[in-house]
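Listed here are the chains, written in short residue letters.
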Amino acid sequence: MSKQTRYVTTPIYYVNDRPHIGHVYTTTLCDVYSRAMRSLGHDVFFLTGVDEHGQKVEQSALEKGMEPQALADLNSEEFRSIMEMFDLTNDAFIRTTDKEHTMQVRAFVSTLLERGDIYLGTFEGWYDEGQEEYHTETSARDLEYTSPISGKPLVKATEKNYYFKLSAYQERLEKFFETHPDFVQPPSRKNEVLGRLREGLQDVPISRTNFSWGIPMPSDSEHVIYVWIDALFNYITALGLGDKTNDWHEKRHQYWPATFHIIGKEILWFHAVIWPAVLMALELPLPRCVYAHSFWISEGRKMSKSLGNFIDLETIESYLEEYGMDAWRYYLTTQGPLGATDADFTAEKFKETYNAHLVNTVGNSTSRVTAMINKYYDGIVPSELNDGERVVLLGFDWPEKCKHAVQNWEEAMEAFSIAKAVECGMALIREVDLFINDTAPFKLAKDESKQMELGAILYQCLETLRIATMLLSPVIPNKTREFQEAIQAETCSGNLQEQAQWGGIKPGAKVTKVALFPRV
Ligand code: MSP
């Protein structure tokens, strides 16, 4: 297979907040995708990081009697540390205070000024202070002059600002959406964007003068660049696209355009409309897909600190202690809000999912099969052949089933349908269980004349589990590695299509018993 590049990004997170399930969720999705793509041999660049400028950070710092930079340093470290804590394999961690970033943002903004895509004008509108987002009169009225995120009133604002000529991109954007129907996922989100696009685009202010914690506008240091414009640029500054002499450029420029920008639904407009227009203005290629997932709510209600249902790092840690990291990752990626509806995080559902999927399916099957091989064959893998021919029982064509599962898994992963991809592995495991029930190897073991069948059943079960766990390894990397080591199988190393071919386990290999997921 030819090696291709894959570039996947998370939003960069505001450092005035502490990390919580939302940040961990998006980053975990990108991690699963990255691991899957690496296992297929692709050259992956997985970017995450932090958004450090803006009024909110300046205010928080002020309240704490700190310099904004000191607060940003402190909180950025906390975000960086969650990457290790959750086994997240990001290739880089960008900070918007990195000088490589700020220099390039200024260079991009200068280019846009020179081309007339940014100009000085007067702004009148409604400002959402919490989100650092502007609303026009019409959209503010629709929102009843209240922030949809924080519930606080929008503030009337008039000031001299630099504007980005978004209105000039109306037609080009419409055309782009027409010719790239998969640009925004899932489809219902795309329809929202198209609806708003049809109302007509207005130019957007991209600078602020009422605070100073930001990147100064080139040649007008009274203004700082609006935090959202600063932030969006991270996706290309991290690749050094704005400075050919930069080390980042040399190593990373080949990853653009992004394969997936993964974001939450609340920041879709910036990513689906403003960002593409900025890229068009800079004559850069557009990302392949902006995927906007929905939100985690908790125990049936919007997460909130005052309701006590907020899933912060401390709450997450209690789940990790009780169930382990892989169980956490599994729950997030298979039960999460990747589609168009919000997902409810409940302690009950977590436990149910853990028991049904991990204990009773993955755990049970792997332990049953390795135990039988130990009991009947002293842990030595038997053969599935009779006179060189595969013994087929009850019409189960395992090599064919596995081949299909691998193909479907790859397709689903490529489309970022993570839960669907996981299901390809899980379905195989459930079939192994059925197969064991139907062929009853524990009965055959008592019959001298059925040894050939017994060997074939156990070989086929083990080999299918080996392939199935490969497909699960991006989500539950630690437990699948434990299993692969126990059956002396190769761990995934960038050639999954070959490694997942039937016959990887050789008769005669040594297998030890496993117990991957203890019952909670
Ligand atoms: N800094 C901006 C993004 C700039 S990207 C160029 C920002 N930061 S944020 O810290 O508020 O992070 C928002 C992201 O966190 C969401 O888009 C989503 O990825 C994640 N989540 C935050 N709360 C969430 C839930 N309750 N559920 C799922 N994910 C959510 O916006």
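Calculation rules
Counting restarts for each chain: residues are numbered from 1 in the order of the written sequence. Per-residue local features are limited, in this predicted model, to residues with pLDDT of at least 70; the limit for side-chain atom pairs, both in listing and counting, is 80 or more; totals at the level of whole chains, interfaces and linings are taken over all residues. Excluded from the side-chain calculation are hydrogens and water; included are all heavy atoms of the structure. Numbering of helices and strands runs from the N terminus, with a helix taken as a DSSP run of H or I at least four residues long and a strand as a DSSP run of E at least two residues long. Burial classes: relative accessible area under 20% of the type maximum marks a residue as buried, over 50% as exposed, and values in between as partly exposed (1.4 Å probe, protein chains only). Should DSSP find at least two bridges between two strands, the strands are regarded as paired. Contact criterion: two residues are considered in contact whenever any of their non-hydrogen atoms come within 4.5 Å of each other. Angular values range over 0 to 180 degrees, each being the angle between N-to-C directions of two axes fitted as lines to C-alpha atoms, with helices fitted over their stretch in contact. Each residue is tested against the molecule or strand, and it is near if at least one of its non-hydrogen atoms lies within 4 Å. In protein, a polar contact means a hydrogen-donor-capable atom and an acceptor-capable atom, both N or O and within 3.5 Å, with residues adjacent in sequence counting only if both atoms are side-chain atoms; elsewhere, any N or O pair within 3.5 Å suffices. In these tables, accessible area is a Shrake-Rupley quantity obtained with a 1.4 Å probe, and a residue counts as shielded only by the protein chains included in the view. Three classes are used: nonpolar for Ala, Val, Leu, Ile, Met, Phe, Trp, Tyr, Cys and Pro, charged for Asp, Glu, Lys and Arg, and polar for all others, with Gly counted as polar. In this scheme Phe, Tyr and Trp rings, the latter by its six-membered ring, pair at centre separations within 6.5 Å, and the angle between planes marks the pair as stacked below 30 degrees, edge-to-face above 60, and tilted otherwise. Each ring is checked for a lysine NZ or an arginine CZ that lies within 6 Å of its centre and within 35 degrees of its normal; such an atom marks a charge sitting over the ring. For our purposes a nonpolar core is just a set of buried Ala, Val, Leu, Ile, Met, Phe, Trp, Tyr and Cys residues, chained together by side-chain atoms within 4.5 Å. Orient the strands so they point away from the viewer; a crossover is then right-handed if the path from the first strand over the helix to the second runs clockwise.

K.L.:
Which parts of the structure should I look at to understand unusual backbone geometry?
P.N.:
Residue Pro186 follows Gln185 across a cis peptide bond; omega there is -15°. In this fold, Pro186 is placed in the loop between strand E7 (184-185) and helix H7 (187-198). Between Trp256 and Pro257 the backbone carries a cis peptide bond, its omega angle lying at 5°. Relative to the helices and strands, Pro257 resides in the loop between helix H10 (247-252) and strand E12 (260-264). One non-glycine residue, Asp378, lies in positive phi territory at about 55°. Its place among the elements puts Asp378 in the loop between helix H14 (347-377) and strand E16 (385-386). Phi is positive for Asp387, which is not a glycine, with a value near 55°. Summarising the element assignment, Asp387 is placed in the loop between E16 and strand E17 (389-390). Accessibility expressed as a relative area gives 78% for Asp387, which makes it exposed.

K.L.:
Please explain the sheet that holds E12 as it appears in this structure.
P.N.:
Within a sheet, each strand pairs with its neighbour through backbone hydrogen bonds, oriented either parallel or antiparallel. Pairing within the open sheet is parallel, and its six strands lie in the order E3-E2-E1-E12-E13-E7. The outermost strands of the open sheet, each flanked by one partner alone, are strand E3 (92-95) and E7. Relative to E12, strand E1 (residues 5-14) runs parallel, the two being bridged by two bridges. Across the sheet, residue Thr9 finds its bridge partner in E12, namely His261. With respect to the sheet, helix H3 (residues 68-85) is in contact with E1, strand E2 (43-51) and E3, its orientation differing from that of E3 by roughly 160°.

K.L.:
Whenever I open this one, the site of the ligand confuses me. Can you help?
P.N.:
Around the ligand, the structure places 23 residues, and the nearest of them are Ile12, Thr26, Asp51, Gly264 and Trp296. In the environment of the ligand, a nitrogen atom lies 2.8 Å from a nitrogen or oxygen atom belonging to the backbone of Ile12. In this structure, Glu266 approaches the ligand through a side-chain N or O atom, which is 3.1 Å from an oxygen atom. Within the complex, the protein chains bury 94% of what would otherwise be the 670 Å² of accessible surface of the ligand. Secondary-structure elements contributing two or more residues to the shell around the ligand are E1, helix H1 (21-39), helix H8 (227-232) and helix H9 (234-237). Among the elements that line the shell around the ligand, the one with the most residues is E1, at four residues. Taken together, the residues of the shell around the ligand break down into twelve nonpolar, nine polar and two charged.

K.L.:
Looking at this structure, how should I read the packing of aromatic side chains?
P.N.:
A ring pair, where both rings are aromatic, is described by two values, the distance of the centres and the angle of the planes. In the structure shown here, the tally under the stated rule is 41 aromatic pairs. The interplanar angle of 10° and the centroid separation of 5.9 Å between the aromatic rings of Phe164 and Tyr169 together place this pair among those described as stacked. Overall, Tyr169 belongs to the buried group, its relative accessible area being 4%. Each residue in the set Tyr25, Phe86, Trp296, Tyr319, Tyr323, Trp328, Tyr331, Phe345, Phe350, Tyr354 and Phe517 is aromatic and connected to the rest through ring pairs, giving one cluster. When the ring centre of Tyr14 is taken as origin, the NZ or CZ atom of Lys56, which lies over that ring, is 4.2 Å away. When the ring centre of Trp269 is taken as reference, the NZ or CZ atom of Arg196 above it lies at 3.9 Å.

K.L.:
Is there a simple way to explain the nonpolar core in this structure?
P.N.:
Nonpolar side chains in soluble globular proteins generally cluster together in the buried interior. Core analysis: the largest hydrophobic core is formed by 109 residues, its most contacted members being Phe86, Trp328, Phe345 and Phe416. Per-element accounting of this core gives the leading share, 13 residues, to helix H18 (residues 451-472). If near-sequence neighbours (up to four positions away) are discounted, Phe86 is found in contact with Val24, Leu313, Ile316, Leu320, Met325, Trp328 and Arg329. Counting residues in each nonpolar core, the second largest holds 68 residues, with Phe176, Tyr255, Ala272 and Val278 among its members.

K.L.:
How do you make sense of helix H19 (residues 477-486) when you look at a structure like this?
P.N.:
An α-helix turns once per 3.6 residues; consequently, residues spaced three or four apart project the same way. Taken together, the buried positions of H19 are Pro477, Thr480, Phe483, Gln484 and Ala486. Where H19 is buried, its residues meet H1, helix H13 (325-335), H14 and H18.

K.L.:
Would you explain the sheet that holds strand E4 (residues 118-128) in this entry?
P.N.:
Within the open sheet, the four strands sit side by side as E5-E4-E6-E8. Their pairing is antiparallel. In this open sheet, the two edge strands, each paired with only one partner strand, are strand E5 (133-135) and strand E8 (204-205). By the bridge criterion, ten bridges tie E4 to strand E6 (residues 155-164) in an arrangement that is antiparallel. Counted as the bridge partner of Trp126 is Lys156 from E6.

K.L.:
Just checking my understanding: could you explain the pairing of strand E13 (residues 290-293) for this structure?
P.N.:
Burial along E13 is two-sided: Val290 and Ala292 facing one way and Tyr291 and His293 facing the other are all buried. Pairing geometry for E7 and E13, over two bridges, is parallel. Counted as the bridge partner of Val184 is Val290 from E13. Sheet topology note: the E12/E13 ladder contains four bridges and is parallel. Within E13, the position partnered with Ile262 by the bridge is Tyr291. A crossover connection joins E12 to the parallel E13 through helix H11 (residues 268-281); in handedness this β-α-β unit is right-handed.

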